[in-house]
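Structure assessment
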Amino acid sequence: MTENAQVKKRVERHTFASDGDGSDGLALGANRPDERTVEELERRLALVQEAAGVGIWEWLPDTDELWLSSAALSIFGASPHRPDNGIAFYAERAIEEDRESAKAHFQAALNSMADEYKDEFRIRHENGTLRWIECVGTILRNDKGSPTRVDGVIIDITDRRVAEEAYRSTEERLMLAQKAGGFGSWEWNALTKRIFLSDTLWKICGEKARLNWVKVESLEKYVFEDDTDQVRAHILAAFNSRTEEFKNEFRIRQRTGRVRWVETSGAIIRDDEGEPVRAYGTVSDVTEQKLISERVRDSEAELRLITNVIPALISCVDRDERYRFVNDQYSKFFGIDKPALVGRKLSSVLSPRSYKQLKPLIERAFAGETFSIDTWVTFKDRGERYVHVSYVPDLGPDRKVRGFYSFVTDLTDLRRSEDALKYSRERMRVLTESFTDYAIITTDTEGLIDSWNPGAEKIFGYREREILGRSGNILFTDEDNAKNIPFHEMAKARKEGRASDERWHLRKDGSSFFASGVLVPLYQNETLTGYAKIASDLTERIQYEADLHQARTDLEARVASRTQALAETNAVLLKEMEERAKTEEQRLTLLRKLFTIQEDERGRIARDLHDQLGQRLTALRLKIASISTLCEEHPDLAELVDRLAEIAATIDSEVSFLAWELRPSVLDETDFVTALGNYVKEWSRYSGIFADFNAIAVSGMKIHKDIETNLYRITQEALNNTAKYAQATKVDVILEGHEADLLLIVEDNGKGFDIRPEDALKQKKGFGLVGMRERASLINGSFDIESTNGKGTTVFVRVPLEG
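Re helix α23 (residues 672-687)
Between its first and last C-alpha, α23 extends 22 Å over 16 residues, near the 22 Å set by a 1.5 Å rise per residue. Considered for burial, the residues of α23 that qualify are F672, V673, A675, L676, G677, Y679, V680, W683, S684, Y686 and S687.

Spelled out as C-alpha cells, the structure:
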C-alpha cells in the first residue's frame, strides 16, 4: 500500500479540525475528504517531518497494521517498498545486541497501563550504516485498558549520542590526562569569589578531592612562604592588566611538609569593560622538570668544560651548514670568537680548498653515516695539516638528520714525529746491526728479552724471532741459574747503577763460552722499565791465558822432572839450567808477544769503538734530543722517545768506558802518574766505591813504557777484583818511588780471605792473579798478596828501575 493510500485511509478513520474557523487550515467533517485535501494534508505532513527531523508511525494492534511515513522509513534505512509485516518490522530493525531489549521494552509498555512509550536502540541500515534512534509513542486504550492504537514519532539521535559519548570520553580523557600528566585544572568565578579545583589538583596539594567551591584565600596556606608575595603580585598584575593569559612558577608546601615546584597557566575571560568575570587554567607539578633542568644545566656546563679542555676542534653544524656550537680550541684555531662563529656558514670560515676537501665528508655525515678518517687538509693561515676527523650525525626525534658533530684532531706534529721516530729507529737498527762483535740486549723488568741485535745472534746463536719474549736466564749456565745469578745481577744493577761480570754463558747449541758484559737498568721518569746488557765473547782471550797457563804448567813439570837429575851431575844441572833459562826466555818472549798482541788488539778495538760507534751514538743522541722537542705535546710518544734517549745514553756511556778500559788514551797523551790517578778516580765513579790515589816521590822519575803499561794493567785487574769479590767500601792506591825500584800498593777494606800454603796453587790458577803475576814478571818485578778474613786485601808489586 502506498503512502498516499495509507494517508487517505487514516483520513477516513479520523476527523481533523482546526482550532479556528478553518481559514488557516482544513475543516474535515464526516464527509469523505476530496483528493485535493488529501494531497494538501500529505504536503503539510511532509513539511512538518522535514522541519522537525522526525518520522511518523502508527500501529493498530487489532490488525497488526504498521504505518511509517517516508521520513520514518528513511530514518530506519528501509526501502519504501518494504514487505508489510506489521510491528515485527519495527523490532527487527534493531541490531542483534539491542533487539531483545527493544522487543521487551515495547511489550512492557503495552502490558502496562502507561499512556506513553519511549525507547532508544541501535539499528543497521540496509547499506550497513549503524544509527541510534529514539522512538516516542502515545498508547490509546479502550475501557478495559487494552491498547487500540499507538501513534508516535521516530528521531535519528545518532549525532546526539555521538556528542554525548564524545563529551563523556572528553571528560574521561581529561581526568586520565590530568592523572597521567600530573596536572590539575581550576576555575574561578568573579561573582562568588570562589575557585573550583580538580581531583588531581587537590592531590598535587597533598589533599583529598573536594567537590565544592572554596575561597581563594583558603589556598594561600599551600603556597611556600618565600614565594607568597611573588604569587600575590603576579596574580594581581595579571587581573589588573588587560592580558587574557598568564603563567607563573612557584613552590607549594603540602600538608606533610613536602615542598614541590608547580607551574600554573591561566586564561582570563573579561566583560565588555575589560573586567574579569571568570578565569580557568591548569597547575602542573614541575618538580622533576626543575631537577632535570638543573641537572641539564650542570651537564651542559660540564660538557662545555670538557669540550674546552679536549685538545680537539669540536663543532656542531646544522643542515644549512651553519655552526650551532664550537669549543674554545675551535675558536682559537681559526682566530674567531665563539659568538662570532655561531651562525656562520662553514664555507665562510674554511678556505675554499679545505671546504672542497671536506665537502664529500660533510655529505656523508648528512646522509646519516658515522665515520672517522685521517687525511691532509689545507687550512686558511695554517697551511697543510694532517688531521683525524670524526663525523657523527645529529638525529632529531623523527630520526632524521638535522646536522652533525665533528671532532678534528691535529696530528701534524705527531705524524712528523712518528716519521722522525721511524727514521731514528731505522738508524738505530742499522747501527746496532753493524756491531756484530758485541751482543746488545734489552729486557723488561721481569728479565724477558725484548730486543736482540745481530751481534747477540752471532754470539749466542739464537735468531731474533726465537729469543724475543723468552727469559734471559736461558743464556746462563745451570750452575749460575741455581745460584740465582741473573736475579742478583739485576739487583746489583738497580742498586749500583751497573753490574759488570765475566762468566760462562750458554749458546743455543748448548756449548759454553766465556763472556764479559755489563748490565745497566733503564728508567723512564724514575720508573724502572727494563735492563740493557752489552756483552763480548772472551773465549779467545781465555784460551790464550789457558795456553799460557798450560805452558807454565808444562815448564814447571819439566823443571820438576829435572830437579832430581841436578843432584847427580853438575853438567846435567848446568845443561838443565841453560834449558830452563832458555825456556824462561821463550816464555817471557811469548808473554811479551801475547801482551803486545793484547794491547794492540785492545787499542784497535778501543779506536774502533771511539771513532765509529762513539760518533754514531753521539749523532743518534742528538737526533733523539731533537725528536724529544717535537714530542712535548704528545706524552705517550715523548715517553717512548725519552726511553730511547736513555738507552742511547747508556750505550754511549758503556761503550766509552769499555773503550777507555781497553786502551786509555791518557797513556799516550800524558804522564803515567796522572793517567793512573785519573783511572782510579774514574773507576771509583763507575763502581761506586771510594778510592784514594797517592803518588810519593815519583815526580821526575824516568819509567819505561813497558813498566807504565803493565803497572797500569795490574792496577786495573786489582781494582776489578775488588769490585767483584771484596765487598769493600774504600780502596787506597799508592805509587811510591825509591832509589832503585818503584812500589805499587793496592789495598782495600773488604771481606778478605785466608791465604794458606795449600791454596797457593789455586791462587795461581785464578785468571786475575795469574795475569798480575805474569805482568810483574815481564818487567822483572815481584808480586805479593796479603789478606785475612774480615780485614781486607793488599797487593804489592815492586819493580826495579833501570840505572
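Having seen the model, we can carry on.
Overview of the pairing of strand β22 (residues 690-696)
Pairing geometry for β22 and strand β23 (residues 730-737), over 7 bridges, is parallel. The partner of F693 across the bridge, within β23, is V733.

A word on the pattern of salt bridges
Applying the stated criterion to the full structure yields 32 salt bridges. Note that R260 is salt-bridged to D285, the shortest N-O span being 3.1 Å. Separated by 25 residues along the polypeptide, R260 in strand β10 (residues 259-270) and D285 in strand β11 (residues 276-285) bring together distant segments of the chain. D285 matches R260 in its accessibility class, with the two residues each being buried. When the shortest N-O distance is used, the salt bridge between K705 and E708 registers 3.6 Å. A residue pair is termed a helical-turn pair when its members lie 3 or 4 positions apart in one helix, as K705 and E708 do in helix α24 (residues 705-726) at 3 residues. Within the structure, one salt-bridge network assembled from shared partners comprises E58, R149 and D151.

Considerations on the sheet that holds strand β8 (residues 214-215)
The strand order β8-β7-β6-β11-β10-β9 describes an open sheet built from 6 strands, whose pairing is antiparallel. At either margin of the open sheet sits one strand with a lone partner, and together these are β8 and β9 (245-253).

Some thoughts on a negative patch on the surface
Together, D271, D272, E273 and E275 make up a region of like negative charge exposed at the surface. Judged by relative accessible area, which is 63%, E273 ranks as exposed.

Quick word on the pairing of strand β26 (residues 793-800)
Two strands pair when backbone bridges link them, and strand β24 (residues 741-748) and β26 are joined in this way by 8 bridges, in the antiparallel orientation. For I745, the partnering residue across the bridge sits in β26 and is F796. Sheet topology places strand β25 (residues 782-787) next to β26; 6 bridges connect them, and they run antiparallel. What sits directly across from S787, in β26, is T793. The hairpin formed by β25 and β26 contains 5 residues between the paired strands, and G790 there has a positive phi angle of roughly 80°.

Some words on the packing of aromatic side chains
The relation between two aromatic rings is expressed through the spacing of the ring centres and the mutual angle of the planes. What the rule picks out here adds up to 18 aromatic pairs. Geometrically, the ring pair formed by Y330 and F334 is tilted, given 5.0 Å between the ring centres and 35° between the ring planes. Of this pair, Y330 and F334 are both found in helix α10 (residues 328-334), 4 residues apart, which corresponds to roughly one turn of the helix. The class of Y330 is buried, set by a relative accessible area of 5%. The ring of F371 is capped by R364, whose NZ or CZ atom sits 3.8 Å from the centre of that ring.

Quick notes on the nonpolar core
L711, L735, L744 and V797 are the most contacted members of the largest nonpolar core, which totals 34 residues. With sequence-adjacent residues up to four places away left out, L744 is seen in contact with L676, L711, I714, T715, V733, I734, L735, V795, F796 and V797. Residues L313, L341, Y355 and L361 belong to the second largest nonpolar core, which totals 27 residues.

Digging into the packing of α23 against α24
Where α23 meets α24, the closest approach of the two axes is 11 Å, and the angle between their N-to-C directions is 15°. It follows from the interaxial angle that α23 and α24 lie roughly parallel. Remark: the crossing between α23 and α24 carries right-handed chirality. Between α23 and α24, the residues in contact are F672, A675, L676, Y679, V680 and W683 and E708, L711, Y712, T715, Q716, L719, N720 and A723, respectively. Split by residue class, the contact of α23 with α24 holds 10 nonpolar, 3 polar and 1 charged.

Remarks on a nonpolar patch on the surface
Together, I269, V277 and Y280 make up a nonpolar patch on the protein surface, roughly 220 Å² of accessible area in all. Secondary-structure assignment places Y280 in strand β11.

Parameters at a glance
In this numbering scheme, every chain counts its residues from 1 along its sequence in written order. Totals for whole chains, interfaces and linings use every residue, but because this is a predicted model, local features are given only for residues with pLDDT of at least 70 and side-chain atom pairs only at 80 or more, for both listing and counting. Side-chain numbers here rest on the full set of heavy atoms in the structure, without hydrogens or water. A run of H or I in DSSP counts as a helix once it spans at least four residues, and a run of E counts as a strand once it spans at least two, with each numbered from the N terminus. One less than the number of residues in a helix, times 1.5 Å, gives the span that helix is expected to have. Partly exposed residues are those whose accessible area sits between 20% and 50% of the maximum for their type, while under 20% is buried and over 50% is exposed, using a 1.4 Å probe and protein chains only. What makes two strands pair is DSSP finding at least two bridges between them. Any carboxyl oxygen of Asp or Glu within 4 Å of a side-chain nitrogen of Lys or Arg constitutes a salt bridge here. Residues forming no salt bridge and having over 30% relative accessible area are the ones grouped into patches, like charges within 9 Å of each other and nonpolar side chains (Val, Leu, Ile, Met, Phe, Trp, Tyr) within 5 Å. To be clear on the numbers: accessible area is Shrake-Rupley with a 1.4 Å probe, and residue cover counts the displayed protein chains and nothing else. The charge count includes Lys and Arg as positive and Asp and Glu as negative, but it does not include His or the ends of the chains. By convention, the charge on Lys lies at NZ, on Arg at CZ, on Asp at CG and on Glu at CD. Note on aromatic pairs: the rings of Phe, Tyr and Trp (six-membered ring only in Trp) are paired at centre separations within 6.5 Å, and the planes decide the class, stacked below 30 degrees, edge-to-face beyond 60, tilted for the rest. Here, a charge over a ring is recorded when the distance from Lys NZ or Arg CZ to the ring centre is within 6 Å and its angle to the ring normal is within 35 degrees. The term nonpolar core refers to a set of buried residues drawn from Ala, Val, Leu, Ile, Met, Phe, Trp, Tyr and Cys, joined through side-chain atoms within 4.5 Å. Note on contacts: a residue pair is in contact if any heavy atoms of the two residues lie within 4.5 Å. Geometry is summarised by axes, namely lines fitted to C-alpha atoms with helices restricted to the contacting stretch, and by angles between N-to-C directions that run from 0 to 180 degrees. Roughly parallel covers angles under 35 degrees, roughly antiparallel covers those over 145, roughly perpendicular covers 65 to 115, and oblique covers all other angles. Crossing handedness is read from the near helix: turned anticlockwise from the far helix by less than a right angle, it gives a left-handed crossing, and turned clockwise, a right-handed one. The classification used treats Ala, Val, Leu, Ile, Met, Phe, Trp, Tyr, Cys and Pro as nonpolar, Asp, Glu, Lys and Arg as charged, and all other residues, Gly among them, as polar.

By themselves, these are just geometric observations and shouldn't be taken as functional.
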